[in-house]
Each structure stands twice: as C-alpha cells, then as structure tokens.
Amino acid sequence: MELVLIRHAEPAWVVDGRTSNDPDLTARGVEQAKAVATHPALEDATALWVSPYLRSRRTAEPVAERLGLDPIVEPFLAEVTNPPSWHGGTPEEVSEAIAAFQARHPDEWWAGFDGGETVRDFHDRVTSGFEGALTSLGATRSADHPVLWDHELDDHRIVIVAHQGTNAMLITFLLGLDVVAWEWERFYSAHASVAVVETSHIGLRKAFSLRAFSDTRHPPTTMVTR
C-alpha cells in the first residue's frame, strides 16, 4: 500500500483586509495545484481522498482530472479547527493571537488556540477517522504490535489532499511516533508538496515507512511557498 500525501496549494488567507477560516486558493496556488497534478507519485492511483476545506478541494481538482478519479471528501482530514472569531478578523488580530500562543510553555500548546480545537482532539479525530477508513478497505492494526498492520492491499495507491497539520498527524500515526503538540513544526511542508508513505514487509505483517517528504520537484522554484 502506498499513501501519497499532498498539502493544499497556497491559500488566500486574507481578502479585502479580512481573514478567512476557509479560504480559496491564490492565483499562484491555482498554478501550484496544476503542477502537483503532474507529479509522478500520483500515477496509477486507486483512490483520491480530500479534506472538506475549500483550499484542499480546489487543489484536488486538477489531480482528479488527471487521475480520472472522483474525489472522496473525508471530514476527518480537515485541518485543526480555528477559533470562529478568526473568520472575518484582521490579519493583525490573528498574528497577535498566534504570537501569544507561541509564547506559551510547550505543555500548554495541547490546549490549542482559545475557542478552537485542542491538539489532542484534533489528533484523535484524524487518526481514528483514518484507521476507520483503512479498516473499511480490509487493513487492520496488529493486536500484539499496533505499529504493524495486517492487509492485502499492496495494489492500493491512495492520494490524500489535506493540510500540513493533518498530514503531519497521519505521518506520526503511521510511523508509530509519540505525538507532540507541535506536529505542524516537526513535519513542516511546502504548499502543494508531496509526501509518500509506503508499506514494507515486517515478518508476516506490514509497517509504514516514509519514502519522500515535502517534495516540490514539480513546480518552478519561484512558485514554492510555505
């Protein structure tokens, strides 16, 4: 089994001086999305899973067209929920909130932003949803070693278009790493970049291995953003 994780292209966080919690792509982001659709890791994909947020669905449009697959919107792939007050706020207000949060002790990061989703709730939502999706395909975690999996899905290549935080949580989960409250910083990826996680045989079971991360070979370097 191979999972191709794409971070959404560059979003237009600020329009007419106001921020959005569910932005569309910038003009450059549209071009990034077209470029990532040409990435060789996407060839022969068997499914396309997409976050419900607009920036991910728009990034997935050229990918779906190239692959000839209908996107499957999976709510568990949504990025951590921002405080509702951020929608329609000013960039200065959001920047101040982020700066205040980053100044906290690392142990306090688990609580997330005031009024938003906690990191633990976000982790549980993403990982439980993902495990349920794999279980529906016939893959189950080993009872005696939860980092290992039992499945006969070697012919599956699933493309996932989501977010930096979501993809970071998935990588942490699949590699069996202990989750931290700053997953976004541990696995920091470029817009419209590609990560590849693939299973290999460990005895009679399978383990996931990270084969590529934040690959941006597809667009010109002048188009790479974070």
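Scroll up to find the structure this text is about.
Keep in mind that this is a model prediction, so the values were computed, not measured.

## Describing the side chain of Glu79
- Take Glu79: it is sitting in the loop between strand E5 (72-73) and helix H3 (91-102).
- As a buried residue without a salt bridge, Glu79 has its nearest oppositely charged side chain in Arg55, at a separation of 5.4 Å.
- Non-local contacts of Glu79, meaning those with residues more than four positions away in its chain, are made with Tyr53, Arg55, Glu117, Phe122, Arg125, His163, Gln164, Gly165, Thr166 and Trp184.

## Structural notes on the pattern of salt bridges
- Inspection of the entire model under this criterion finds 15 salt bridges.
- Here Asp215 makes a salt bridge to Arg217, at a shortest N to O gap of 2.8 Å.
- For Asp215, a relative accessible area of 14% corresponds to the buried category.
- Connected through shared salt-bridge partners, Asp24, Arg58 and Glu61 make up one network.

## Focus: the packing of aromatic side chains
- In the structure shown here, the tally under the stated rule is 10 aromatic pairs.
- Ring centres 5.0 Å apart and planes at 40° place the aromatic pair Phe101 and Trp109 in the tilted group.
- A residue is classified by how much of its surface remains accessible, and Phe101, at 8% relative accessible area, is buried.
- By relative accessible area, which is 16% here, Trp109 ends up buried.
- Taking the centre distance of 6.3 Å and the plane angle of 90° together, the rings of Trp149 and Phe173 count as edge-to-face. A residue pair is termed long-range when its members are at least 10 positions apart, and Trp149 in strand E7 (residues 149-150) and Phe173 in helix H5 (residues 164-175) qualify at 24 residues. For the pair Trp149 and Phe173, one class covers both residues: buried.
- Taken together through their ring pairs, the aromatic side chains of Trp49, Phe76, Phe130, Trp149, Phe173 and Phe208 make up a single cluster.

## Let's talk about the pairing of strand E9 (residues 194-202)
- Here 5 bridges tie strand E1 (residues 2-7) to E9, and the two strands are oriented antiparallel to one another. Bridge pairing in E9 links Glu2 to Glu198.
- Two successive antiparallel strands, E9 and strand E10 (residues 205-215), enclose a turn made up of 2 residues, where Gly203 displays a positive phi of approximately 65°.

## Some points on the pairing of E10
- Relative to E10, E9 is paired through 8 bridges, and the arrangement is antiparallel. Bridge assignment links His201 to a residue of E10, and that residue is Lys206.

## What about the packing of helix H4 (residues 119-137) against H5?
- For the pair H4 and H5, the least separation of the axes is 10 Å and the interaxial angle reads 65°. Comparing their axes, H5 and H4 come out roughly perpendicular. In this structure, the crossing between H4 and H5 has a hand that is right-handed. Each of Val119, Phe122, His123, Val126, Thr127, Phe130 and Glu131 in H4 lies in contact with H5, whose residues at this interface are Gly165, Thr166, Met169, Leu170, Phe173 and Leu174.
- In the contact of H4 with H5, the residues fall into 8 nonpolar, 4 polar and 1 charged.

## As for the side chain of Thr127
- Looking at the element boundaries, Thr127 is found in helix H4.
- Since its relative accessible area comes to 7%, Thr127 is described here as buried.
- Leave out the neighbours within four places in its chain, and Thr127 touches Met169 and Phe173.

## Side note on the environment of Arg157
- Here Arg157 is to be found in strand E8 (residues 157-162).
- Judged by relative accessible area, Arg157 falls into the partly exposed class, the value being 22%.
- Once residues lying within four places of it in the same chain are set aside, the contact partners of Arg157 are Glu2, Val4, Ala41, Glu43, Asp44, Ala45, Thr46 and Ala47.
- A distance of 2.8 Å separates a polar atom in the side chain of Arg157 from a polar atom in the side chain of Glu2.
- Side-chain polar atoms of Arg157 contact the backbone oxygen of Glu43, separated by 2.4 Å.

Rules behind the numbers
- Residues numbered from 1 in each chain as written.
- Predicted model: local features only at pLDDT ≥ 70, side-chain atom pairs only at ≥ 80, totals over all residues.
- Heavy atoms only, no water.
- Helix = DSSP H or I, 4+ residues; strand = E, 2+ residues; numbered from the N terminus.
- Buried < 20%, exposed > 50% of the residue type's maximum accessible area, 1.4 Å probe, protein only.
- Lys, Arg positive; Asp, Glu negative; His and termini not counted.
- Salt bridge = Lys/Arg side-chain N within 4 Å of Asp/Glu carboxyl O.
- Contact = heavy atoms within 4.5 Å.
- Phe/Tyr/Trp six-rings, centres within 6.5 Å; stacked < 30°, edge-to-face > 60°.
- Pairing = 2+ DSSP bridges.
- Axes fitted to C-alpha atoms, helices over the stretch in contact; angles between N-to-C directions.
- Parallel < 35°, antiparallel > 145°, perpendicular 65-115°, else oblique.
- Left-handed = near helix turned anticlockwise from the far one by under 90°.
- Nonpolar A, V, L, I, M, F, W, Y, C, P; charged D, E, K, R; others polar.
- Polar contact = N/O pair within 3.5 Å; in protein donor to acceptor, adjacent residues only side chain to side chain.

In short, geometric facts, not functional conclusions.
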